[in-house]
Every structure is written in structure tokens, then in C-alpha cells.
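Residue strings, one per chain:
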There are 2 protein chains.
Amino acid sequence: MAKEITPRSEDYSQWYLDIVHKARLADNSPVRGCMVIKPHGFAIWENMRDALDGMFKATGHVNAYFPLFIPKSFLSKEAAHVEGFAKECAVVTHYRLKNDPNGGGVIVDPEAKLEEELIVRPTSETIIWNTYRDWIQSYRDLPILLNQWANVVRWEMRTRPFLRTAEFLWQEGHTAHASADEAMAEAKLMLDVYAQFAEEYMAMPVIKGIKTPNERFAGADETFCIEALMQDGKALQAGTSHFLGQNFAKAFEVQFLNKENQQEYVWATSWGVSTRLIGGLIMTHSDDDGLVLPPRLAPTQVVIVPIPKPAPELTEAAEKITAALRAKGIRVKIDNDDQNRPGFKFAEYEMIGTPVRLGLGARDLAAGQVEVARRDTKEKSNVALDQVADYIENLLTEIQQNLFNKAKAYRDEHITRVDTWDEFVEVLDNKGGFVSAHWDGSTETELAIKEKTKATIRCIPVDNPLEDGVCILTGKPSTQRVLFAKAY
Amino acid sequence: MAKEITPRSEDYSQWYLDIVHKARLADNSPVRGCMVIKPHGFAIWENMRDALDGMFKATGHVNAYFPLFIPKSFLSKEAAHVEGFAKECAVVTHYRLKNDPNGGGVIVDPEAKLEEELIVRPTSETIIWNTYRDWIQSYRDLPILLNQWANVVRWEMRTRPFLRTAEFLWQEGHTAHASADEAMAEAKLMLDVYAQFAEEYMAMPVIKGIKTPNERFAGADETFCIEALMQDGKALQAGTSHFLGQNFAKAFEVQFLNKENQQEYVWATSWGVSTRLIGGLIMTHSDDDGLVLPPRLAPTQVVIVPIPKPAPELTEAAEKITAALRAKGIRVKIDNDDQNRPGFKFAEYEMIGTPVRLGLGARDLAAGQVEVARRDTKEKSNVALDQVADYIENLLTEIQQNLFNKAKAYRDEHITRVDTWDEFVEVLDNKGGFVSAHWDGSTETELAIKEKTKATIRCIPVDNPLEDGVCILTGKPSTQRVLFAKAY
């Protein structure tokens, strides 16, 4: 199995696709740009979702569900939103099929044309704020702290599993507040939640930052983001949190009676992460032998392989270990398949990224020990059977930390400060990663740099120190460095 | 609040809508037939989903996710499926909007017309079986035991929140097997899972049965169902499990090499329950004061109301009770709102169906007790503070059982055996409920009875005893009684 993966050094893009398919995460589908998320990929998403959902609820949010379809006219109501979102959408125009009178299967019934076309949601600000108008009258109705887990559709021309698909799964938080300060605090809080999730669960270090006006969400006054670095030196926007000001409240006429008894437009945020995170997870940790998963998100954390094949005394010992691990809340399975040999199985578990593998043979059992192999470093140790549960509990924590440390070291090595245009181009072309450079603050310059190098401003880090300098492209004065990178 | 609900005796249908809106379960949306599921309604769905998901996983199933869109041609491939499902569907014909050159907001870009229209999934057999063709080669690839939690769309003309909506949330299991027996066993197993969930979680008694050929799922060889009885005497189909034979395997050319080394078409099942269950839950237990929820599905099981308003010593006592209840896994909240009076709050918690309410005043505290009110019977008791956690733990079990017993007694009283047409009509018109009557077994007679009375054959119970008789309509010989009812 493992040999079938294209090495990263040979073709990074093909390596990624190989991992997606051979680690059984997703398949292509007959629908352009839409993927089938396979059970192993979906189990990772379930673990992500459950962890995030717990964090959202712990910060006072509740879930709800809004319609998949948005009346076309809604998309025109917020001017900036139209520009950014009303374009590449799936449009429902009819509501009925009928049998082809000429026997050619089913055809669209021309008589079942909708009066107003419906758009399959690319994001739900418009339909949600249209609803909030009915929910909010007074400051007593605020804040509203809602989240939705949903599928959304954006008709992308070039797609790649998880990273960019026409349909994807995500969560979108939509909150309503009585003041700008409170909404801004919410947007920053959710950015922190995302960063904490990325680092503690995904073991993926991220930079918290602010987007430039040009990279802002369509309809936001400020967009915060977490940016991660992939192994090929390209950045990945892993999550965004938007301070929407009063833009959607004004577009949908959502006012409330404030404590001073005056009508005021409501303040808003929205924030989201998606199945794109799985793409980030793959490209942060995996290697040429397959997927590498951080233990906290691995569907199976430990697999026990009887050697050379299942036998009653091995099964008995394996079940004892399983019980001890389950008692510690560890997700473990015994591989009782008797068709394939251990070597095949080992390669298979390396491919799908199981963090810890136990090899249990009769000789091990006689010696009162078991072989423990970790996926991240490929190291093996013999561990006494009566200590194996504690050992593995610690090992899972260590693997989680090791993956984070390794990714962070790589990321930190790939933040390069440059002060000249030549250096800038050189680093982008050869080393990759984030380039910390001065920029004159204009969208014109930002676009010119993108045009010349394909690099975009990923963010202005939230704790960015001020520093006088000159723009790498225009030489105009600059007050701070920003992070550039080529990005997914 | 409570007074705003239309009594059931006056207008059952309006009572239902009042509960949906005033218990804050769902709102109408600007999209025809689509609802907004509000946080309280969605929290009930989350509890349902988590319980069912656990039961699916305990029976060996895993989750996956397939595309929202289905190529139109797929719907024509299974002949019976076309007839039943390819009609009232949302059809995507375009993939781009553009700014109206005349300034009228956004319009559909006529140049972005899809070559083949896409259907928003009404159910996913076709796209899943198209995928299974790539996944299944040999008997070693079987069984496949998949489930998907998803939204689906069926363009219904007359809609009602939860019971019948254009978009709804559901789960759809799709399994693939190497033999007819195994697939049939799976279909029956999932029927049992649904029945167990309905009775143990929803406290909603159900009859497990088989649908007549006329009522079968489009593409199934056999459809099993659970049927519940609502308080107005109408039946509700609460879940279905289908033995699909080899129909979809043949339509999508899914063959496997069996143990005898021969190519054979794969055997299939599918099974689903939806947000319709929330409609069933409402109509099984609720009363003229609002929603009544079985404790196992209630988002909040116990609410503590300080009387007459929050005060430090009351909060302290409430927090002690809360800690003791949480330690038992009970979902509890303290109402620390200081704007509304206890009477208002009591009505509000009755409206939203919180199973147990504690009223905690200074005098109670001095007497070392708390007032415990149960939602189902409206009974109140004074309970010693040091016993309240155990008391409530038992009480929640008792309420759960009481709701089931009450619903079962009502249901059992409303299964009426009749032997003549006049009795049949009389029971349907006046008493309602299930009518157990002989039927000659023909679709023609079934449809004639529906035409005359609006009653349909809900099911042939799975453990139905054979009994000679004559059809109530035609007088032809019959071998068993079947259950008729008017239904949602």
C-alpha cells in the first residue's frame, strides 16, 4: 500500500490526492466539484465537530437550523455581500420533474418554474438576518448567540478535496449584539476558540491575524483569521471570524430599542470553519507513508494487531489491554482479520494514520510484554503488559505534543523577515512560507504584489508590533510588517 | 403565555401550530415550505440525533457524507424510483448570478446553464449506489453499513412545521450485503432500533409493521415501518426501513464476486427517520398549556426558579442542588432572570415543556425543603433539600414511564376491531385511531377504501396472527386483519 503514494518531493499536489484517496478520507463524485466523504474522513470530521461544538456551547452558544435556500433578492440587499458572494452559486429555478413524453427518462417540467429563483446558500447571513428582524425588538432580546452546522455550496471552478469543493460542510456562527464593543469582543473570542482548537486538537500552530480590507469577508467591517502553514510552504486560511458592524442589520432593517429607549441597528458577527480543516490536518502532519493524525482527532487511537494472526490467547490478552485503555477513554480496536499478514496491516495502519499500533505475539505474551509502535516517529518499544495502559495514555499525550512541536518548529523556521523586493521574491520562490515585510497599506500595492508574485497578505498579526519601515514594492513609508505568503 | 394557545378541542391543527411557535421550536421562513428550527427545537433534535447515532454505532454502522446534488439522469435509472421520487424536486439549472446591467440587483447568468440539471437530493439511494459500484468488488467488501445525517428536499404543496416541510433534516442508512437474508435481517434490525428509540426515548408507543405494496417506498421490495397514534386519532408514520432487494444494484450495475466465485448483484437496505419525529413528539404528549417533553429528550430536564426573585442565599442553595443533579448527569438550569415574576416563569416553563420545576423561596429554605412540580401531571410536592437529588432522579424516570404509559393506554384504546363497512366508517368518523379490519389484499380495494374514507392501510403488524375473514369493502376472503387509519 504505502509504496503507492507519490512522494512529496516528487509531486506535492499528487501526494495530497494520494493521501486523501488511500487513507480512505474522500472519493470523487459524479457531481462536478462535490466529494464523497468516506467513513474514515467523516469520523475525523465528527471528532472535530464534537470538540468545536463543546467549545461553542461552553462559550454560551446554541445551535439552530436555517433553510438551505435563499431567495435571490436577499443576496442583493447588502451591497458588499452582493459583490463577494452572489456570483458563483447554485441556482434553483424549477421545482418539478416529469416523465419525458418521448420516453427519454425524466425532464424538467417547464411549467414548474419558480417565480423567484432560489440560491443554495453559499453562507447564511442574509437569511438569518432576515429572520432576526422578527426575533429582535429590544435590548432584552440580545445577545443572540447562534451557531449552525450545515452544508453550503460555492460553485468553484478548480476544486481539490477538502481544500476547495463546490459543496462543503461547515459551521457558521451568527451573533447579534447591542453594542459594537460587545460584537467586537465576540468576534475576537471566537478567533481565540478557533486558535485553541487548531493548536490543541489539530496540533496545527496558527497565527491569529486581521485581514486587509481587500481580503475581508464581503459585508464585514473587520475580518479576523487563523493562518496555518502547510509542508509545501503555502499558507492555509483555516478559519475566519467577522465583525460585521451594522451592515446586515441595516440591509435587513433589524433595529432594537436600546436601554436609552432609542431605536438602534443591531451589531453582528459571523464566524466559520469547514471541512477544509481536514485538508489542513493532512498537510500539517502527514508523510510519504500516509496520513498522520493527532491522537485527539484520530477515530481509532490505538490498534492491536495479533501476530502472526488472531489466536485465542492473543485475543484474550488483547481484550484485557482494550478494557484497560477504554477505561481511560482511549479509542482502541483489535484487528481480528485473519486474511492479511501483519506486514500488510502495519502498512495499512500507517496509511490511515492510527497514532499507536500494538503488535502482540505469543513470544511477547510469554515475556509479559507487547511491542508498541508510534506512527509519528516510527519508533518501537517493548512495554510490560501490566504497564501498557499507563504507557499508552502518556504516549498519546506525547505524540499530540510532538506533532504540535514539530509543526511549530517548521512554521517558525518559515517566517522570514525581508526588507527588499529581491529578498521577498527570492524567499517566495525558493524557501516559501510566510514572509514578514513592510507594506504601504494600499490595496493597489497589495494587488500589484499579488500580480507579480501570486503572494497575498495573509494577515496582520493581532499582536503586531509597530515598526517604521518602507514598503518592499513602492518604497513608501510603512508602520508595520505584514505576513505575505502564497496560499491555498 | 399559556392562555394564548388554542385548545385542542377547539382547533387541533391550530393548537399544533401554537405549540410549535410558542414553545419556540420553529418559525416560518421566507422560503416556501421551509422552516427555521429554533434553538429549543434544535436542541431536541440534537438529543434525538445523539441517541440514535449511538444506537446506529452500537449496531456496527458508521457515518459518511454524499453530495447534496444528484445528476438528473440518475433518477431515471431505477424504474419504480422514478415514479415515486423524481417528481417534486428542487432543480438546479444554473451555477452563476451576475449584476443586472439595468441595475436591478442580481440576475441569473443565462450563460451559466448546466449541461445536465442537478436535483437537490430527495433521498440518496441513487448517488450512493452509483458510488458503491466503485467500492464493491468482492464479498470481502461487504457488508457496507453506512449512515448519513443530512438535509433533503421534497417540494411539498401543503406543508406543516416538522410534519411535512420542503426541506427537512434526517438520517438515511444505506447498507449493502452479500445475501438477501442478511439484507432482510438488517432492515428488520433497524426497524427494531427505531421502535426502541421511539418507545424508550420519545415515550411514544409504536406498532411495527409492513407496508402494503401500494404504500411501499419507490424502489423497495419490502417496506417496514413504525406507526404511532397522535392525540387527534390520526396515525403518524414515524420511521421506515426498506429491504431494497437487488433493485438499486441492478440499476447502477453493482456486482460482487461471491464466495462461489460468481458475479452477483448486491443486496440493499435503506432506512430513515427525520425531524418529523419532533411533530410526533409534540402530538403524543403535549397539552393545552404547552409542550410536554419526555425527560430523556428534554434540553433542560430541571429548572430551579428562585422565589420571588434571585437572592444570594437562594442562589447558593440552587447551586448546591444543581451540582448534585449534574453529578447524576441531569440537565439542570437556574433561572436567574430578575425581570419576570415566578408566575410568568412557571407558565413559560410549562409552555416549553421542562419536565421538572423547582420553586425555591426563603421560607422553603428555612424549612429545609423545596417545592417540586412535575410538568406531566402538574403535581407538586415538598421535598427535603438533602433528598432532592435522589428524588428528582427517580422522578425523571417516573415521568418518562408515565408519559409512555399514558400514550400507550390512549393508543391501545384506539385500536378498534371492526367487521363491517358501516362500523369501519363509523369508527373512522367518530372515534378515530387505528381500525383493525379484514382486507382482500388487492391494491384496487385499498385505493377504493382510501377514496371513500381517506383512511389508508398503515401497516400489517409484524407479528400479525392469521385469521379467516372477509374484506370489509368487497366481502372477498381475507387471511388477516390490517390496520387502517387516517394519517398525517
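Residues numbered from 1 in each chain as written. Chains lettered and ligands numbered in written order. Predicted model: local features only at pLDDT ≥ 70, side-chain atom pairs only at ≥ 80, totals over all residues.

Trainee: Where do I start with the pairing of strand 21 (residues 380-384) of chain B in this structure?
Mentor: Each regular strand carries side chains that alternate between the two faces of the sheet. Residue and element names in this part refer to chain B. Of all five residues making up strand 21, only zero are buried, and the element is barely covered by its neighbours. In this structure, strand 20 (residues 369-374) lies alongside strand 21, joined through five bridges in antiparallel fashion. Its bridge partner being in strand 21, Ala373 is matched across the sheet by Lys380. Hairpin connection between strand 20 and strand 21: a loop of five residues separates the two successive antiparallel strands, and Lys378 in this loop has a positive phi of roughly 70°. (Buried ≥ 20, exposed ≤ 12 C-beta atoms within 10 Å, placed from the backbone. Helix = DSSP H or I, 4+ residues; strand = E, 2+ residues; numbered from the N terminus. Pairing = 2+ DSSP bridges.)

Trainee: Got a minute to help me understand the domain arrangement of chain A in this structure?
Mentor: All names here are of chain A. Domain annotation of chain A identifies domain 1 (24-285), domain 2 (295-396) and domain 3 (415-485). Taken residue by residue, the interface counts 16 residues in domain 1 and 16 residues in domain 3. At the level of elements, strand 11 (207-210) and strand 12 (222-229) are the ones that each hand at least two residues to the side of domain 1 that touches domain 3. At four residues, the largest contribution of residues to the side of domain 1 that touches domain 3 is made by strand 11. Its residues assigned to classes, the side of domain 1 that touches domain 3 comprises six nonpolar, four polar and six charged. (Domains from an automatic or database assignment. Contact = placed C-beta atoms within 7 Å. Nonpolar A, V, L, I, M, F, W, Y, C, P; charged D, E, K, R; others polar.)

Trainee: What is the right way to look at the interface of chain A and chain B in this model?
Mentor: The figure often quoted for interface size is the accessible area lost as the parts come together. Taken residue by residue, the interface counts 52 residues in chain A and 52 residues in chain B. Grouping the constituent residues of the side of chain A that touches chain B by class yields 33 nonpolar, ten polar and nine charged. In this sheet, strand 5 (residues 91-94) of chain B lies alongside strand 5 (residues 91-94) of chain A in antiparallel orientation, the contact comprising three bridges. Across the sheet, residue His94 of chain A finds its bridge partner in strand 5 of chain B, namely Val91 of chain B.

Trainee: Explain the sheet that holds strand 24 (residues 456-461) of chain A here, please?
Mentor: Sheets are built from strands paired through backbone hydrogen bonds, the pairs being either parallel or antiparallel. Residues and elements named next belong to chain A. With respect to topology, eleven strands assemble into an open sheet ordered 3-9-10-16-13-12-11-24-27-23-22, the strand pairing being mixed. Single-partner strands in this sheet number two, and they are strand 3 (62-63) and strand 22 (415-417). Across three bridges, strand 22 lies against strand 23 (residues 434-438) in parallel orientation. Each bridged residue has a counterpart across the sheet, and for Thr416 the counterpart in strand 23 is Val435.

Trainee: Please explain the sheet that holds strand 21 (residues 380-384) of chain A as it appears in this structure.
Mentor: Residue and element names in this part refer to chain A. Taken in spatial order, the five strands make up an open sheet running 18-17-19-20-21, and their pairing is mixed. Of all strands in the sheet, those with a lone pairing partner are strand 18 (332-334) and strand 21, marking the two edges. Mean inter-strand twist for the sheet, computed between neighbouring axes without regard to direction, equals 25°. Inspection of the sheet shows strand 19 (residues 356-361) paired to strand 20 (residues 369-374) by four bridges, in the antiparallel sense. Within strand 20, the position partnered with Arg357 by the bridge is Ala373. (Axes fitted to C-alpha atoms, helices over the stretch in contact; angles between N-to-C directions.)

Trainee: So what exactly am I meant to see when it comes to the nonpolar core here?
Mentor: Counting 303 residues, the largest nonpolar core has Ala198 and Ile226 of chain A together with Ala198 and Ile226 of chain B as its most contacted members. Not counting the four nearest positions on each side in its chain, Ile226 of chain B is found in contact with Leu191, Tyr194, Ala195, Ala198, Val206, Ile207, Lys208, Ala238 and Gly239 of chain B. (Core = buried A, V, L, I, M, F, W, Y, C linked by C-beta atoms within 7 Å.)

Trainee: Where do I start with unusual backbone geometry in this structure?
Mentor: Working note: non-glycine residues mostly have negative phi, and peptide bonds are mostly trans. The linkage connecting Leu142 of chain A with the following residue, Pro143 of chain A, adopts the cis geometry, with an omega of -5°. Mapped onto the secondary structure, Pro143 of chain A falls in the loop between helix 4 (125-135) and strand 9 (144-153). Omega for the peptide link from Ile307 of chain B to Pro308 of chain B comes to 0°, which places this bond in the cis form. Relative to the assigned elements, Pro308 of chain B resides in the loop between strand 17 (302-307) and helix 8 (312-327). The residue Glu253 of chain B is not glycine, and still its phi comes out positive at about 55°. In this structure, Glu253 of chain B sits in the loop between helix 6 (247-251) and strand 14 (255-257). Glu253 of chain B sits in the exposed class, given 11 other C-beta atoms within 10 Å.

Trainee: What should I look at first to understand the relation of the copies chain A and chain B in this one?
Mentor: After a rotation of 180° and a shift along the axis of 0.0 Å, chain A superposes on chain B with an RMSD of 0.0 Å. Taken together, the rotation angle and the small translation identify this as a two-fold axis. Among all C-alpha atoms of chain A, that of Val92 of chain A lies closest to the rotation axis, at 2.1 Å. When the interface residues of chain A are mapped onto chain B, 100% of them are again interface residues, pointing to one common binding face. (Least-squares fit on C-alpha atoms with pLDDT ≥ 70 in both.)

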